[in-house]
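# Descriptive structure summary
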Amino acid sequence: PERHVRVPVTTRDETGILATAFNELTERRARLEAQRKAMVSDIAHELRSPLTNIRGWLEVTRDGVVDPDPALLASLHEEALVLQRVIDDLQDLADADAGTLRLHREPVRADELLDQVAAAHRVAADAAGVTLRTTARGTPWLDADPVRMRQALGNLVSNALRYTPSGGTVTLAARRDGDDVVLEVTDTGTGIAPEDLPHVFDRFWRAEKSRSRRTGGSGLGLPIVRHLLAAHGGTAEATSEPGTGSVFTLRLPGGEPPKDT
Ligand code: ADP
C-alpha cells in the first residue's frame, strides 16, 4: 500500500506555507483513494448479487434439480434486469461525473409528467396495496428532458412504494413557485431517521435495515435523481419523519409553453 508522507511544518515563511499545502494535498489524495477503493468494492458487490442468483438458477437446472420451465426463465430474466439496471445506473453516474450527460430539452407539462410516472407504477402500487395519486396546481411548464425527468420521478416513486406499507398513500404533486416548478413525492411510509437523512443521496448508501432486508435497490437511485436535477439546473432534497413518512422535493426552473400552441 502507498504511504502518504506528511512533512513537518516548522516555519511560517514560504517554506511553511508550501509544507502546509503539501500536507493538505496529501490528505486529499488519501481521502480520494479511500473513496475510490470503497466505490469499486461497492460496485463489485452490486454486480455479484444478481450474478450469483443467475448462476445458482443455471446450476440447479443443469443438475436437473429444477426444470427449465417458464417460471425459471422469468426468474433468470428478472435477475438479468437487475444487472442491467445497476450497469445503466453506473453509466449514468459516470456520464454525470464526466459532464457528458446529454439532455434533450423540450417544453414539458409537469402535470402530464406526473400522470405518466403514476401510470407506469400503477401495477406495482396495486400489488403493494398502496394508493398512488397525482395532484397539480395549474399547468406548470418545464424546459426539461422528459425521459430523464420520468427517470428521476420514477426512482422516487419506486422508493416510496418500497418503503410504504400496505394501506398507505404515495402522492405526486406539481406546482409553480415563482420562476421555479416544484415536484414532490410524498409517502406515508417508514420514514428516514434524522441521522440517516443527510446520507440518502450518497452513492451506494442504504439505511441499515433496507440493506439487510435486501429490498432490491442498488443504492444509486437517489444520487442519480440529484445528478439529473442538477443537470436541469435544479435541486433534489428530502425531509422525513420516522413513522410518518417522507417528502422528496425536486425544484427546477420553470419553462414556457411551446410557441405554436
Ligand atoms: P436504493 O436503491 O437502496 O433504494 P436509493 O439511493 O434510491 O437506493 O435510496 C437510498 C436509501 O435511502 C434507501 O436504501 C433507503 O434506506 C432510503 N430511502 C430512500 N427513499 C426512501 C423513502 N421514500 N422512505 C424511506 N427510506 C427511503
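In this report, we go over the structure that sits alongside the text.

Conventions adopted
- Residues numbered from 1 in each chain as written.
- Predicted model: local features only at pLDDT ≥ 70, side-chain atom pairs only at ≥ 80, totals over all residues.
- Heavy atoms only, no water.
- Helix = DSSP H or I, 4+ residues; strand = E, 2+ residues; numbered from the N terminus.
- Buried < 20%, exposed > 50% of the residue type's maximum accessible area, 1.4 Å probe, protein only.
- Contact = heavy atoms within 4.5 Å.
- Areas by Shrake-Rupley, 256 points an atom, 1.4 Å probe, with all protein chains shown as cover.
- Lys, Arg positive; Asp, Glu negative; His and termini not counted.
- Charge placed at Lys NZ, Arg CZ, Asp CG, Glu CD.
- 1 Å grid on protein atoms, 1.4 Å probe; cavity = no way out; pocket = protein on both sides within 12 Å on 5 of 7 lines; lining within 4 Å.
- Points joined across faces, edges and corners; volume = space filled by probe spheres on them.
- Nonpolar A, V, L, I, M, F, W, Y, C, P; charged D, E, K, R; others polar.
- Phe/Tyr/Trp six-rings, centres within 6.5 Å; stacked < 30°, edge-to-face > 60°.
- Lys NZ or Arg CZ within 6 Å of the ring centre and 35° of its normal.
- Core = buried A, V, L, I, M, F, W, Y, C linked by side-chain atoms within 4.5 Å.
- Pairing = 2+ DSSP bridges.
- Salt bridge = Lys/Arg side-chain N within 4 Å of Asp/Glu carboxyl O.

In terms of regular secondary structure, the protein is built from seven helices and seven strands. If you list the helices and strands of the protein from N to C, you get α-α-β-α-α-β-β-α-β-β-α-α-β-β. Judged by the C-alpha coordinates and their principal axes, the protein covers about 70 × 65 × 40 Å. Taken over 261 residues, the protein has a buried fraction of 34%. In the protein, the share of contacts with a sequence separation of at least 24, taken over all contacts with a separation of at least 6, comes to 71%. Summing over all exposed atoms, the protein offers an accessible surface of approximately 15300 Å²; the carbon and sulfur share of this is 55%. When the 32 basic and 39 acidic side-chain charges of the protein are each reduced to a single mean position, those positions are 3 Å apart.

Below, the discussion takes up empty space enclosed by the protein. By the definition in use, this model includes one cavity of 30 Å³ or more. Considering only enclosed or pocket space, the largest cavity measures out at about 30 Å³ in volume. Lining the largest cavity are Asp-92, Leu-93, Ala-96, Leu-101, Ile-224, His-227 and Leu-228. Only helix H2 (70-98) and helix H7 (221-231) provide two or more residues apiece to the lining of the largest cavity. Its residues assigned to classes, the lining of the largest cavity comprises five nonpolar, one polar and one charged.

Our focus in this paragraph is H7. Of all the positions in H7, only Gly-221, Leu-222, Pro-223, Ile-224, Val-225, Leu-228 and Leu-229 are classed as buried. Those residues of H7 that are buried are in contact with H2, helix H5 (146-162), strand S6 (235-241) and strand S7 (245-253). One or two residues past the end of H7 sits Gly-233, with phi positive at roughly 75°.

Our focus in this paragraph is the packing of aromatic side chains. Taken as a whole, this structure holds one aromatic pair when the rule is applied. Considering the side-chain rings of Phe-201 and Phe-248, the 6.2 Å spacing of their centres and the 65° angle between planes classify their relative orientation as edge-to-face. Here Phe-201, found in the loop between strand S5 (180-187) and helix H6 (208-213), pairs with Phe-248, found in strand S7; they are 47 residues apart in sequence, far enough to count as distant. Accessibility classification places Phe-201 together with Phe-248 in one group, the buried group. Just above the ring of Phe-201 sits the side chain of Arg-226; from NZ or CZ to the centre is 3.9 Å.

Turning next to the nonpolar core. Residues Leu-142 and Leu-183 are the most contacted members of the largest nonpolar core, which totals 43 residues. When residues of this core are assigned to their parent elements, the largest contribution, seven residues, is made by H5. Contacts of Leu-142, omitting those with residues within four sequence positions, involve Glu-106, Pro-107, Val-108, Ala-110, Leu-113, Val-181, Leu-183, Leu-252, Pro-253 and Gly-255.

Examined bridge by bridge, S5 and S7 share eight bridges and lie antiparallel to one another. Paired with Thr-186 across the two strands is Val-247, which belongs to S7.

The full count for this structure, using the stated rule, is 14 salt bridges. With a closest N to O distance of 3.1 Å, Arg-55 and Glu-59 form a salt bridge. Residue Arg-55 and its partner Glu-59 are located together in helix H1 (residues 14-62), separated by four residues, close to a single helical turn. Overall, Arg-55 belongs to the exposed group, its relative accessible area being 55%. Among the salt bridges present, the one from Asp-177 reaches Arg-251, with a minimum N-O distance of 2.9 Å. Taken together, the residues span a long stretch of sequence, with Asp-177 in strand S4 (residues 169-177) and Arg-251 in strand S7 at a distance of 74 residues. Asp-177 sits in the partly exposed class, given a relative accessible area of 32%. Residues participating in the shared-partner salt-bridge network are Arg-109, Asp-111 and Glu-112.

Moving on: unusual backbone geometry. Notably, Phe-204 is not glycine yet its phi reads approximately 65°, a positive angle. Within the secondary structure, Phe-204 sits in the loop between S5 and H6. Overall, the relative accessible area of 3% leaves Phe-204 in the buried class.

Mapping Gln-91 onto the fold places it in helix H2. Residues Gln-91 and Leu-101, spaced ten residues apart in sequence, show a C-alpha to C-alpha distance of 9.6 Å.

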